[in-house]
Amino acid sequence: MNVSGPAPSHGAASLRTPVVDACSLVYDDAGWRAYLHRLGENAPEYLDVFSHSFCRYFGAGHTAYREALRARWQDAVDVLLPPGRRPFELAAHLADRQRQGVAAEFAMGSAERLPDGRTVNDWLLETTRNVRDRVHVWAGLSLRDPADALRELERAEEAGAAGLCVIPFLDGTDPADPRFAPVFDAAATARLPVWLHTGHHFSRRHPTGLGSWRAIEALAGRHRELLLVAGHAGWPDVRETLLTAARHPGVHLEFSSHRPRHMPKPGSGWEPLLHHARGPARDRVLFGTSTWVNPHPTRALADEVAELPLPADVRAAWLSGNAAALAARAGRAAIRGLSPAGA
(Lines give C-alpha, C1' and ligand atoms only; values in the text may rest on other atoms or scores of the structure.)
Protein backbone atom coordinates (compact mmCIF):
# COMPACT_ATOMS: atom_id res chain seq x y z
CA MET A 1 0.00 0.00 0.00
CA ASN A 2 1.27 3.47 -0.87
CA VAL A 3 1.24 5.52 2.32
CA SER A 4 3.15 8.50 0.97
CA GLY A 5 0.19 9.99 -0.90
CA PRO A 6 -0.17 10.60 -4.63
CA ALA A 7 2.87 11.57 -6.62
CA PRO A 8 3.00 15.29 -7.27
CA SER A 9 1.90 16.36 -10.75
CA HIS A 10 4.11 18.38 -13.03
CA GLY A 11 1.90 21.36 -12.19
CA ALA A 12 2.59 20.91 -8.50
CA ALA A 13 6.30 20.75 -9.24
CA SER A 14 6.13 24.10 -11.00
CA LEU A 15 4.76 25.68 -7.84
CA ARG A 16 8.11 24.89 -6.22
CA THR A 17 10.12 26.08 -9.21
CA PRO A 18 10.83 29.81 -9.31
CA VAL A 19 10.30 31.55 -12.61
CA VAL A 20 12.33 34.14 -14.51
CA ASP A 21 10.30 35.96 -17.14
CA ALA A 22 12.85 36.60 -19.88
CA CYS A 23 10.54 38.86 -21.91
CA SER A 24 8.53 41.19 -19.70
CA LEU A 25 7.04 44.65 -20.20
CA VAL A 26 6.94 46.92 -17.13
CA TYR A 27 5.41 50.31 -17.96
CA ASP A 28 3.21 53.00 -16.56
CA ASP A 29 0.47 54.38 -18.80
CA ALA A 30 2.84 56.82 -20.51
CA GLY A 31 5.15 53.93 -21.31
CA TRP A 32 2.31 51.79 -22.60
CA ARG A 33 1.12 54.66 -24.76
CA ALA A 34 4.62 55.01 -26.24
CA TYR A 35 4.69 51.25 -26.85
CA LEU A 36 1.30 51.18 -28.53
CA HIS A 37 2.05 54.25 -30.63
CA ARG A 38 5.25 52.63 -31.85
CA LEU A 39 3.17 49.67 -33.02
CA GLY A 40 0.53 51.91 -34.56
CA GLU A 41 3.07 53.95 -36.50
CA ASN A 42 5.18 51.04 -37.71
CA ALA A 43 3.06 47.88 -37.58
CA PRO A 44 -0.62 48.80 -37.11
CA GLU A 45 -1.58 45.23 -37.98
CA TYR A 46 -0.71 44.29 -34.40
CA LEU A 47 -3.49 46.46 -33.00
CA ASP A 48 -5.91 44.49 -35.18
CA VAL A 49 -4.57 40.92 -34.92
CA PHE A 50 -4.15 41.10 -31.15
CA SER A 51 -7.28 43.11 -30.36
CA HIS A 52 -8.66 40.46 -28.00
CA SER A 53 -5.34 40.17 -26.15
CA PHE A 54 -5.01 43.93 -25.72
CA CYS A 55 -8.56 44.28 -24.45
CA ARG A 56 -8.17 41.42 -22.00
CA TYR A 57 -4.90 42.79 -20.67
CA PHE A 58 -6.08 46.38 -20.27
CA GLY A 59 -9.64 45.47 -19.24
CA ALA A 60 -11.20 47.31 -22.18
CA GLY A 61 -14.42 46.54 -24.02
CA HIS A 62 -13.70 44.73 -27.25
CA THR A 63 -16.64 46.19 -29.16
CA ALA A 64 -15.68 49.75 -28.28
CA TYR A 65 -12.06 49.02 -29.16
CA ARG A 66 -12.95 47.59 -32.58
CA GLU A 67 -15.20 50.53 -33.36
CA ALA A 68 -12.44 52.96 -32.43
CA LEU A 69 -9.89 51.02 -34.45
CA ARG A 70 -12.03 51.33 -37.56
CA ALA A 71 -11.83 55.11 -37.19
CA ARG A 72 -8.19 55.64 -36.15
CA TRP A 73 -5.69 53.45 -34.38
CA GLN A 74 -4.96 56.38 -32.04
CA ASP A 75 -8.60 56.25 -30.90
CA ALA A 76 -8.23 52.55 -30.15
CA VAL A 77 -5.22 53.29 -27.95
CA ASP A 78 -7.38 55.79 -26.04
CA VAL A 79 -9.91 53.02 -25.39
CA LEU A 80 -7.17 50.88 -23.85
CA LEU A 81 -5.76 53.76 -21.78
CA PRO A 82 -8.67 55.99 -20.73
CA PRO A 83 -8.24 58.85 -18.23
CA GLY A 84 -8.53 57.87 -14.60
CA ARG A 85 -6.81 54.50 -14.78
CA ARG A 86 -5.11 53.43 -11.58
CA PRO A 87 -1.48 54.59 -11.75
CA PHE A 88 1.32 52.08 -11.96
CA GLU A 89 2.87 51.14 -8.61
CA LEU A 90 6.13 49.21 -8.63
CA ALA A 91 5.51 47.73 -5.18
CA ALA A 92 2.15 46.33 -6.26
CA HIS A 93 3.68 44.96 -9.44
CA LEU A 94 6.46 43.20 -7.54
CA ALA A 95 4.04 41.81 -4.96
CA ASP A 96 1.91 40.32 -7.70
CA ARG A 97 4.95 38.82 -9.39
CA GLN A 98 6.10 37.33 -6.09
CA ARG A 99 2.69 35.72 -5.57
CA GLN A 100 3.09 34.08 -8.95
CA GLY A 101 6.53 32.74 -8.12
CA VAL A 102 8.44 35.12 -10.39
CA ALA A 103 11.92 35.57 -8.95
CA ALA A 104 13.00 38.08 -11.57
CA GLU A 105 12.11 39.48 -14.97
CA PHE A 106 13.98 40.87 -17.93
CA ALA A 107 12.02 44.07 -18.61
CA MET A 108 12.24 45.31 -22.19
CA GLY A 109 12.53 49.06 -22.68
CA SER A 110 12.61 51.32 -25.71
CA ALA A 111 14.19 54.54 -26.88
CA GLU A 112 10.76 56.12 -27.48
CA ARG A 113 10.26 59.54 -25.90
CA LEU A 114 7.77 60.18 -23.10
CA PRO A 115 5.89 63.48 -22.69
CA ASP A 116 8.43 64.64 -20.09
CA GLY A 117 11.30 64.21 -22.57
CA ARG A 118 12.78 61.09 -21.03
CA THR A 119 13.00 57.85 -22.96
CA VAL A 120 11.13 54.76 -21.83
CA ASN A 121 14.57 53.34 -21.03
CA ASP A 122 15.24 56.29 -18.71
CA TRP A 123 11.94 55.85 -16.87
CA LEU A 124 12.42 52.11 -16.48
CA LEU A 125 16.00 52.38 -15.23
CA GLU A 126 15.10 55.13 -12.75
CA THR A 127 11.94 53.41 -11.51
CA THR A 128 13.64 50.07 -10.85
CA ARG A 129 17.05 51.26 -9.65
CA ASN A 130 16.49 49.86 -6.13
CA VAL A 131 15.20 46.45 -7.26
CA ARG A 132 17.78 45.45 -9.84
CA ASP A 133 17.85 41.90 -8.46
CA ARG A 134 14.16 41.59 -9.36
CA VAL A 135 13.85 43.72 -12.49
CA HIS A 136 16.70 43.48 -14.97
CA VAL A 137 16.26 46.28 -17.50
CA TRP A 138 17.04 45.41 -21.11
CA ALA A 139 17.17 48.80 -22.80
CA GLY A 140 15.50 49.09 -26.18
CA LEU A 141 17.47 50.31 -29.18
CA SER A 142 16.32 51.48 -32.60
CA LEU A 143 18.75 50.68 -35.39
CA ARG A 144 17.38 53.30 -37.77
CA ASP A 145 20.30 55.53 -36.83
CA PRO A 146 23.40 53.52 -35.83
CA ALA A 147 25.02 56.50 -34.11
CA ASP A 148 21.90 57.15 -32.01
CA ALA A 149 21.70 53.46 -31.15
CA LEU A 150 25.30 53.47 -29.96
CA ARG A 151 24.73 56.57 -27.82
CA GLU A 152 21.60 55.03 -26.27
CA LEU A 153 23.51 51.84 -25.52
CA GLU A 154 26.25 53.78 -23.74
CA ARG A 155 23.73 55.85 -21.73
CA ALA A 156 21.78 52.75 -20.75
CA GLU A 157 24.88 50.84 -19.71
CA GLU A 158 26.01 53.73 -17.51
CA ALA A 159 22.54 53.86 -15.91
CA GLY A 160 22.61 50.16 -15.05
CA ALA A 161 20.98 48.31 -17.94
CA ALA A 162 21.42 44.53 -17.81
CA GLY A 163 20.79 43.90 -21.50
CA LEU A 164 19.43 45.31 -24.75
CA CYS A 165 16.51 44.59 -27.03
CA VAL A 166 16.06 45.19 -30.76
CA ILE A 167 12.90 44.72 -32.85
CA PRO A 168 13.97 44.80 -36.52
CA PHE A 169 10.52 44.79 -38.11
CA LEU A 170 9.55 47.97 -36.27
CA ASP A 171 12.68 49.70 -37.54
CA GLY A 172 12.66 48.25 -41.05
CA THR A 173 16.33 47.38 -40.62
CA ASP A 174 18.40 44.23 -41.00
CA PRO A 175 20.44 43.86 -37.78
CA ALA A 176 23.03 41.82 -39.66
CA ASP A 177 23.86 44.80 -41.89
CA PRO A 178 27.55 45.66 -41.32
CA ARG A 179 26.51 49.28 -40.64
CA PHE A 180 25.37 48.14 -37.20
CA ALA A 181 28.54 46.25 -36.32
CA PRO A 182 29.77 48.99 -33.93
CA VAL A 183 26.54 48.67 -31.91
CA PHE A 184 26.93 44.92 -31.49
CA ASP A 185 30.66 45.24 -30.86
CA ALA A 186 29.86 47.64 -28.04
CA ALA A 187 27.24 45.24 -26.64
CA ALA A 188 29.75 42.39 -26.68
CA THR A 189 32.43 44.50 -25.01
CA ALA A 190 29.99 45.64 -22.29
CA ARG A 191 28.69 42.06 -21.83
CA LEU A 192 25.17 43.29 -22.49
CA PRO A 193 23.06 40.43 -23.91
CA VAL A 194 20.85 41.39 -26.84
CA TRP A 195 17.25 40.17 -27.15
CA LEU A 196 16.40 40.19 -30.85
CA HIS A 197 12.89 39.72 -32.20
CA THR A 198 13.11 36.71 -34.51
CA GLY A 199 10.72 34.74 -36.65
CA HIS A 200 7.20 35.56 -37.69
CA HIS A 201 5.71 39.02 -37.40
CA PHE A 202 2.52 40.63 -38.69
CA SER A 203 3.84 43.81 -40.30
CA ARG A 204 3.03 43.88 -44.01
CA ARG A 205 5.58 46.65 -44.59
CA HIS A 206 8.67 44.54 -44.01
CA PRO A 207 9.68 40.95 -44.76
CA THR A 208 9.95 38.37 -42.01
CA GLY A 209 13.59 37.86 -42.89
CA LEU A 210 14.56 41.13 -41.17
CA GLY A 211 14.64 39.17 -37.94
CA SER A 212 15.34 35.46 -38.27
CA TRP A 213 17.75 32.74 -37.34
CA ARG A 214 19.86 33.93 -40.26
CA ALA A 215 20.35 37.30 -38.54
CA ILE A 216 21.29 35.48 -35.32
CA GLU A 217 23.72 33.29 -37.28
CA ALA A 218 25.37 36.29 -38.94
CA LEU A 219 25.69 38.26 -35.70
CA ALA A 220 26.98 35.32 -33.68
CA GLY A 221 29.57 34.53 -36.33
CA ARG A 222 30.76 38.12 -36.61
CA HIS A 223 30.72 38.98 -32.88
CA ARG A 224 32.03 35.88 -31.16
CA GLU A 225 31.67 37.24 -27.61
CA LEU A 226 28.15 38.58 -28.09
CA LEU A 227 25.37 37.08 -25.98
CA LEU A 228 22.16 36.80 -28.04
CA VAL A 229 18.61 35.80 -27.18
CA ALA A 230 16.41 34.82 -30.12
CA GLY A 231 13.10 36.30 -29.08
CA HIS A 232 10.14 33.96 -29.70
CA ALA A 233 12.74 31.31 -30.62
CA GLY A 234 12.59 32.20 -34.31
CA TRP A 235 9.24 30.44 -34.66
CA PRO A 236 8.27 28.85 -36.99
CA ASP A 237 11.94 28.15 -37.78
CA VAL A 238 12.63 26.71 -34.34
CA ARG A 239 14.83 23.89 -35.63
CA GLU A 240 17.11 26.27 -37.50
CA THR A 241 17.29 28.63 -34.53
CA LEU A 242 18.17 25.77 -32.19
CA LEU A 243 20.85 24.49 -34.56
CA THR A 244 22.30 27.99 -34.67
CA ALA A 245 22.45 27.97 -30.86
CA ALA A 246 24.15 24.57 -30.96
CA ARG A 247 26.90 26.09 -33.12
CA HIS A 248 27.31 29.33 -31.17
CA PRO A 249 27.67 29.17 -27.36
CA GLY A 250 26.39 32.72 -26.86
CA VAL A 251 22.98 32.09 -28.46
CA HIS A 252 19.81 31.38 -26.47
CA LEU A 253 16.14 30.96 -27.35
CA GLU A 254 13.12 32.27 -25.45
CA PHE A 255 9.58 31.28 -26.36
CA SER A 256 7.39 34.18 -25.20
CA SER A 257 4.17 34.96 -27.10
CA HIS A 258 3.51 31.22 -27.54
CA ARG A 259 1.47 29.01 -25.23
CA PRO A 260 3.56 26.15 -23.86
CA ARG A 261 0.52 23.86 -23.81
CA HIS A 262 0.43 23.93 -27.63
CA MET A 263 4.04 22.84 -28.07
CA PRO A 264 3.45 19.04 -28.10
CA LYS A 265 0.71 19.28 -30.74
CA PRO A 266 1.69 17.89 -34.15
CA GLY A 267 2.46 20.69 -36.57
CA SER A 268 3.02 23.27 -33.82
CA GLY A 269 6.56 23.92 -35.00
CA TRP A 270 7.92 23.33 -31.50
CA GLU A 271 8.67 19.64 -31.95
CA PRO A 272 12.45 20.24 -32.34
CA LEU A 273 12.62 21.99 -28.99
CA LEU A 274 10.95 19.12 -27.16
CA HIS A 275 12.82 16.47 -29.15
CA HIS A 276 16.19 18.02 -28.22
CA ALA A 277 15.19 19.04 -24.68
CA ARG A 278 17.80 16.76 -23.12
CA GLY A 279 20.44 17.78 -25.63
CA PRO A 280 21.20 21.16 -27.22
CA ALA A 281 18.02 22.76 -25.88
CA ARG A 282 18.76 21.82 -22.26
CA ASP A 283 20.80 24.89 -21.35
CA ARG A 284 19.73 27.39 -24.03
CA VAL A 285 15.98 27.84 -23.58
CA LEU A 286 14.38 30.64 -21.55
CA PHE A 287 10.81 31.11 -20.37
CA GLY A 288 9.12 34.40 -21.30
CA THR A 289 5.64 35.85 -21.48
CA SER A 290 5.58 39.10 -23.53
CA THR A 291 3.11 40.20 -20.83
CA TRP A 292 0.07 41.19 -22.92
CA VAL A 293 0.20 38.67 -25.77
CA ASN A 294 -1.11 35.88 -23.54
CA PRO A 295 -2.88 37.91 -20.84
CA HIS A 296 -2.82 35.10 -18.30
CA PRO A 297 -1.07 34.96 -14.93
CA THR A 298 2.58 34.05 -15.33
CA ARG A 299 2.10 31.11 -12.97
CA ALA A 300 -0.53 29.64 -15.29
CA LEU A 301 1.90 29.78 -18.21
CA ALA A 302 4.67 28.30 -16.06
CA ASP A 303 2.33 25.48 -15.08
CA GLU A 304 1.88 24.74 -18.76
CA VAL A 305 5.65 24.31 -19.03
CA ALA A 306 5.45 21.95 -16.06
CA GLU A 307 2.95 19.78 -17.93
CA LEU A 308 5.26 19.32 -20.91
CA PRO A 309 6.98 15.92 -21.24
CA LEU A 310 10.25 17.17 -19.79
CA PRO A 311 12.59 15.83 -17.10
CA ALA A 312 12.51 17.83 -13.88
CA ASP A 313 15.99 19.25 -14.40
CA VAL A 314 15.14 20.52 -17.90
CA ARG A 315 11.90 22.04 -16.64
CA ALA A 316 13.75 23.91 -13.90
CA ALA A 317 16.44 25.06 -16.34
CA TRP A 318 13.88 26.43 -18.80
CA LEU A 319 11.79 28.18 -16.15
CA SER A 320 14.66 29.93 -14.39
CA GLY A 321 18.03 28.21 -14.29
CA ASN A 322 19.13 29.16 -17.79
CA ALA A 323 18.11 32.79 -17.28
CA ALA A 324 20.09 32.91 -14.04
CA ALA A 325 23.07 31.44 -15.89
CA LEU A 326 22.78 34.06 -18.62
CA ALA A 327 22.65 36.88 -16.06
CA ALA A 328 25.71 35.45 -14.30
CA ARG A 329 27.57 35.00 -17.56
CA ALA A 330 26.89 38.62 -18.44
CA GLY A 331 28.26 39.66 -15.04
CA ARG A 332 25.04 41.48 -14.11
CA ALA A 333 23.02 41.54 -10.91
CA ALA A 334 22.48 38.03 -9.59
CA ILE A 335 18.95 36.73 -9.41
CA ARG A 336 18.18 36.39 -5.73
CA GLY A 337 17.66 32.85 -4.52
CA LEU A 338 18.56 31.18 -7.82
CA SER A 339 21.54 29.16 -8.88
CA PRO A 340 22.43 29.10 -12.57
CA ALA A 341 21.45 25.96 -14.45
CA GLY A 342 24.20 23.39 -14.30
CA ALA A 343 25.82 25.04 -11.26
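Right above here is the structure, for reference.
Read on for an overview of the structure. Treat the numbers as computed from the prediction; the structure is a model and nothing was measured. (Residues numbered from 1 in each chain as written. Predicted model: local features only at pLDDT ≥ 70, side-chain atom pairs only at ≥ 80, totals over all residues. Heavy atoms only, no water.)

1. Some words on the layout of surface pockets
Then comes step 1: As a volume, the largest pocket reaches approximately 780 Å³.
Then comes step 2: What lines the largest pocket is a set of 29 residues, and nearest its centre among them are Tyr57, Phe88, His93, Asp96 and Thr291.
Then comes step 3: Contributions of two or more residues to the lining of the largest pocket are made by β1 (19-24), α2 (29-42), α4 (51-58), α7 (90-99) and α15 (298-306).
Then comes step 4: Estimates place the volume of the second largest pocket at around 630 Å³.
Then comes step 5: Forming the boundary of the second largest pocket are 34 residues, of which Tyr46, His197, His232, Ser257 and Val293 lie nearest the centre.
Then comes step 6: For the lining of the second largest pocket, the leading source of residues is α2, giving 3 residues.
Then comes step 7: Among the residues forming the lining of the second largest pocket, the class breakdown is 18 nonpolar, 14 polar and 2 charged. (1 Å grid on protein atoms, 1.4 Å probe; cavity = no way out; pocket = protein on both sides within 12 Å on 5 of 7 lines; lining within 4 Å. Points joined across faces, edges and corners; volume = space filled by probe spheres on them. Helix = DSSP H or I, 4+ residues; strand = E, 2+ residues; numbered from the N terminus. Nonpolar A, V, L, I, M, F, W, Y, C, P; charged D, E, K, R; others polar.)

2. With respect to the environment of Ser268
Then comes step 1: Within the fold, Ser268 resides in the loop between β7 (251-254) and α14 (271-275).
Then comes step 2: For Ser268, a relative accessible area of 14% gives the class buried.
Then comes step 3: Along the primary structure Ser268 and Pro182 are separated by 86 residues, whereas in three dimensions their C-alpha atoms are 37 Å apart.
Then comes step 4: Discounting chain neighbours no more than four positions away, the residues touching Ser268 are Trp235, His262 and Met263.
Then comes step 5: Here the side chain of Ser268 touches Met263 through a polar contact of 2.8 Å, landing on its backbone oxygen.
Then comes step 6: Within the local environment of Ser268, its side chain forms a polar contact with the backbone nitrogen of Trp270, the two atoms lying 3.1 Å apart. (Buried < 20%, exposed > 50% of the residue type's maximum accessible area, 1.4 Å probe, protein only. Contact = heavy atoms within 4.5 Å. Polar contact = N/O pair within 3.5 Å; in protein donor to acceptor, adjacent residues only side chain to side chain.)

3. Some details on the side chain of Arg38
Then comes step 1: As for its placement among the helices and strands, Arg38 is situated in helix α2.
Then comes step 2: One polar contact links Arg38 to Asp171, side chain to side chain, over a distance of 3.3 Å.
Then comes step 3: Ignoring anything within four residues of it in the chain, the contact list for Arg38 reads Ala43, Ser110, Glu112, Leu141, Ile167, Leu170 and Asp171.

4. So, the nonpolar core
Then comes step 1: Core analysis: the biggest nonpolar cluster contains 112 residues, and Leu36, Phe54, Leu80, Phe255, Leu273, Trp318 and Ile335 have the highest contact counts within it.
Then comes step 2: With 9 residues, helix α16 (residues 312-330) is the largest single contributor of residues to this core.
Then comes step 3: When residues no more than four places from it in sequence are discounted, the contact partners of Phe255 are His232, Pro260, Met263, Trp270, Leu273, Val285, Leu286, Phe287, Gly288, Val305 and Trp318. (Core = buried A, V, L, I, M, F, W, Y, C linked by side-chain atoms within 4.5 Å.)

5. Points about empty space enclosed by the protein
Then comes step 1: The full count for this structure, using the stated rule, is 1 cavity of 30 Å³ or more.
Then comes step 2: Its boundaries defined by the atoms lining it, the largest cavity holds a volume of some 40 Å³.
Then comes step 3: Looking at the lining of the largest cavity, the elements that each hand over two or more residues are β3 (135-141) and α16.
Then comes step 4: Looking at the lining of the largest cavity residue by residue, the class counts come to 6 nonpolar, 1 polar and 1 charged.

6. Concerning the pairing of β3
Then comes step 1: Most of β3 is tucked away, with 7 of its 7 residues classed as buried.
Then comes step 2: Along β3, one buried face is formed by Val135, Val137, Ala139 and Leu141 and the opposite face, lined by His136, Trp138 and Gly140, is buried too.
Then comes step 3: Inspection of the sheet shows strand β2 (residues 102-108) paired to β3 by 4 bridges, in the parallel sense. Residue pairing across strands places Phe106 opposite His136, the latter belonging to β3.
Then comes step 4: With respect to chirality, the unit in which β3 leads through helix α9 (residues 146-159) into the neighbouring parallel strand β4 (residues 163-166) is right-handed. (Pairing = 2+ DSSP bridges. Right-handed = clockwise from strand over helix to strand, strands pointing away.)

7. Observations concerning the pairing of β1
Then comes step 1: Burial of β1 is extensive: 6 of the 6 residues sit out of reach of the surface.
Then comes step 2: Strand direction decides the pairing type here: β1 and β2, joined by 4 bridges, are parallel. The partner of Asp21 across the bridge, within β2, is Glu105.

8. A word on unusual backbone geometry
Then comes step 1: The peptide bond linking Trp235 to Pro236 adopts the cis configuration, its omega dihedral lying at 10 degrees.
Then comes step 2: For Pro236, the location among the structural elements is in the loop between β6 (228-231) and α13 (238-247).
Then comes step 3: Even without being a glycine, His232 presents a positive backbone phi close to 65 degrees.
Then comes step 4: Structurally, His232 is set in the loop between β6 and α13.
Then comes step 5: We note that Ser290 has phi near 65 degrees; this positive angle belongs to a residue other than glycine.
Then comes step 6: Assessed through its relative accessible area of 6%, Ser290 is described here as buried.

9. Some points on the packing of α2 against helix α6 (residues 73-80)
Then comes step 1: Running from amino to carboxyl end, α2 crosses α6 at an angle of 155 degrees, the nearest separation of the two axes being 10 Å. With respect to each other, α2 and α6 are oriented roughly antiparallel. Helix-helix and strand crossings are classified by hand; for α2 and α6 the assignment is right-handed. For the pair α2 and α6, contact is made by Arg33, Leu36, His37, Gly40 and Glu41 and by Trp73, Gln74, Val77, Asp78 and Leu80, respectively. (Axes fitted to C-alpha atoms, helices over the stretch in contact; angles between N-to-C directions. Parallel < 35°, antiparallel > 145°, perpendicular 65-115°, else oblique. Left-handed = near helix turned anticlockwise from the far one by under 90°.)

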